[in-house]
Amino acid sequence: MEDISINAKKPFSFQAECLSEVSNTAGPVEAKEELLDECESIWKQMEECHSKLMLLGTETLLPSDAKLSLLMLRWKALTVDFHQWQARNPEVISTNPDVLLELGKEELQKVKNDLEMVLSTVRSKNKQLEEELKREQQWYEEQKQMLETLNKMEEEANTEDEHPSTKRELNVLKNKVLKLKTFKKELLSALGEFLDEHFPPPEEGENIKKKNSSAEPVVELITLQEILEMLINTLMTTPHEPYITINESFWPPYIELLLRYGMALRHPEDPNRMRLQAYHK
């Protein structure tokens, strides 16, 4: 029965709080007194109803049926309250225009605050949706470009299947390779003739001097053409490591000649290694 009494007091307590706030803000003193009188009258009616409910709940019940009976009483009280609220017509709290104006302002302010909260929520949601839309559009563009690329690759593959390379094209490439090899041989031959004419092999006297100056076996000196061929082949076959090691078979005047005129470069850390100048870059 205490639950029922609490539920009965809640609507009136809320109404009394609202009326007290309005009465504090209302201008005229008469409106305030009028509201207080109405509150006193309603409060007396609520106390009478509460007393009647307490008298109805004083019947002694068996322990086994206490819970069920309590639930039935609550159900009946809620049903009666429901029917009363359904049959009740809205009542005007006060006919004072100042009080009604303040109540209207307060209700409008509450509605405004609620609408502002809804507006803020909607704007936040719209911003999230816009960001998601941008991400989806970006993903769509990426997928579209990928699809276009795949379609292009498929078309090229189909075109190659329909028009395969002919033997004539392969023969043209082979002829070009043969021409390049022939041109390379001609260049090397011309280079050899030029070097033999202007830079002959080291004289035998150089080898004899090395025989007399050292007891070790004599190493035969190589020609300038052989040195250049070694540099060229090393540069072309291993461009990442184009250096060759200078040994005793290299005639020092040839080494100085290549370094002095910039045709070869010495290793920055090892003076016994050198490389051909990369003229093709």
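Residues numbered from 1 in each chain as written. Predicted model: local features only at pLDDT ≥ 70, side-chain atom pairs only at ≥ 80, totals over all residues. Heavy atoms only, no water.

Caption draft 1: Here's a closer look at the overall build of the protein. Within the protein, the secondary structure is distributed over eight helices and three strands. Listing the helices and strands of the protein from first to last along the sequence gives α-α-α-α-α-α-α-β-α-β-β. Residues classed as buried in the protein amount to 16% of the 281 residues present. Long-range pairs, those at least 24 residues apart, make up 64% of the contacts in the protein with a sequence separation of at least 6. Just so you have it, the protein exposes about 23000 Å², and 58% of that area is on carbon and sulfur atoms. (Helix = DSSP H or I, 4+ residues; strand = E, 2+ residues; numbered from the N terminus. Buried < 20%, exposed > 50% of the residue type's maximum accessible area, 1.4 Å probe, protein only. Contact = heavy atoms within 4.5 Å. Areas by Shrake-Rupley, 256 points an atom, 1.4 Å probe, with all protein chains shown as cover.)

Caption draft 2: Region of interest: the sheet that holds strand β3 (residues 273-276). With respect to topology, three strands assemble into an open sheet ordered β1-β3-β2, the strand pairing being antiparallel. A single partner strand is all that each edge strand has here, and the edge strands are β1 (244-245) and β2 (264-266). Here three bridges tie β2 to β3, and the two strands are oriented antiparallel to one another. What sits directly across from arginine 266, in β3, is methionine 274. The sheet contacts of helix α7 (residues 224-237) involve β1, β2 and β3, and relative to β3 the element is tilted by about 75°. In this fold helix α8 (residues 252-260) packs onto β2 and β3, with an angle of close to 100° to the strand it touches most, β2. (Pairing = 2+ DSSP bridges. Axes fitted to C-alpha atoms, helices over the stretch in contact; angles between N-to-C directions.)

Caption draft 3: Structural view of the packing of α7 against α8. At their nearest, the axes of α7 and α8 sit 10 Å apart, and the two run at 50° to each other. With respect to each other, α7 and α8 are oriented oblique. Crossing of α7 over α8 shows right-handed handedness. Residue-level inspection shows Leu224, Ile227, Leu228 and Leu231 of α7 in contact with α8, the latter providing Tyr254, Leu257 and Leu258. By residue class, the composition of the contact of α7 with α8 is seven nonpolar, no polar and no charged. (Parallel < 35°, antiparallel > 145°, perpendicular 65-115°, else oblique. Left-handed = near helix turned anticlockwise from the far one by under 90°. Nonpolar A, V, L, I, M, F, W, Y, C, P; charged D, E, K, R; others polar.)

Caption draft 4: Summary view of the nonpolar core. Of all hydrophobic cores here, the largest spans 19 residues; its most connected members are Leu224, Ile227, Leu231, Phe250, Leu258 and Met274. Of all elements in the fold, only α7, α8 and β3 reach the threshold of two or more residues within this core. Here phenylalanine 250 is in contact with Leu221, Ile222, Ile227, Met230, Ile244, Thr245, Ile255 and Met274, once residues within four sequence places are set aside. (Core = buried A, V, L, I, M, F, W, Y, C linked by side-chain atoms within 4.5 Å.)

Caption draft 5: Region of interest: the packing of aromatic side chains. In this structure the tally under the stated criterion is one aromatic pair. Look at tryptophan 251 and tyrosine 254: their rings are 4.9 Å apart centre to centre, the planes differ by 90°, and that puts the pair in the edge-to-face class. It is arginine 275 that lies over the ring of tyrosine 243; its NZ or CZ is 5.9 Å from the centre. (Phe/Tyr/Trp six-rings, centres within 6.5 Å; stacked < 30°, edge-to-face > 60°. Lys NZ or Arg CZ within 6 Å of the ring centre and 35° of its normal.)

Caption draft 6: Representation of the pattern of salt bridges in the model. Taken as a whole and assessed by the stated rule, the structure comprises two salt bridges. Of the charged contacts, one joins glutamate 106 and lysine 110 as a salt bridge, the two residues approaching to 3.8 Å between their closest N and O atoms. One end of the pair is glutamate 106 and the other is lysine 110, both in helix α4 (residues 97-162) and four residues apart, which spans about a single turn. Taking the relative accessible area as the measure of exposure, glutamate 106 reaches 22% and is therefore partly exposed. Owing to a relative accessible area of 36%, lysine 110 belongs among the partly exposed residues under this scheme. (Salt bridge = Lys/Arg side-chain N within 4 Å of Asp/Glu carboxyl O.)

Caption draft 7: Expanded view of α8. Along α8, the residues that are buried comprise Tyr254, Ile255, Leu257 and Leu258. Viewed end-on, α8 has its buried residues packed into an arc of 160°, placing them on one side of the element. Contacts made by the buried residues of α8 are with α7, β2 and β3. Where α8 ends, the next residue or the one after it, glycine 262, has phi of about 75°, a positive value. (Arc of directions from axis to C-beta.)

Caption draft 8: Summary view of the side chain of serine 249. Following the sequence through the fold, serine 249 ends up in the loop between β1 and α8. Sequence-distant contacts of serine 249, defined by excluding residues within four places in its chain, comprise Val219, Glu220, Leu221 and Ile222.

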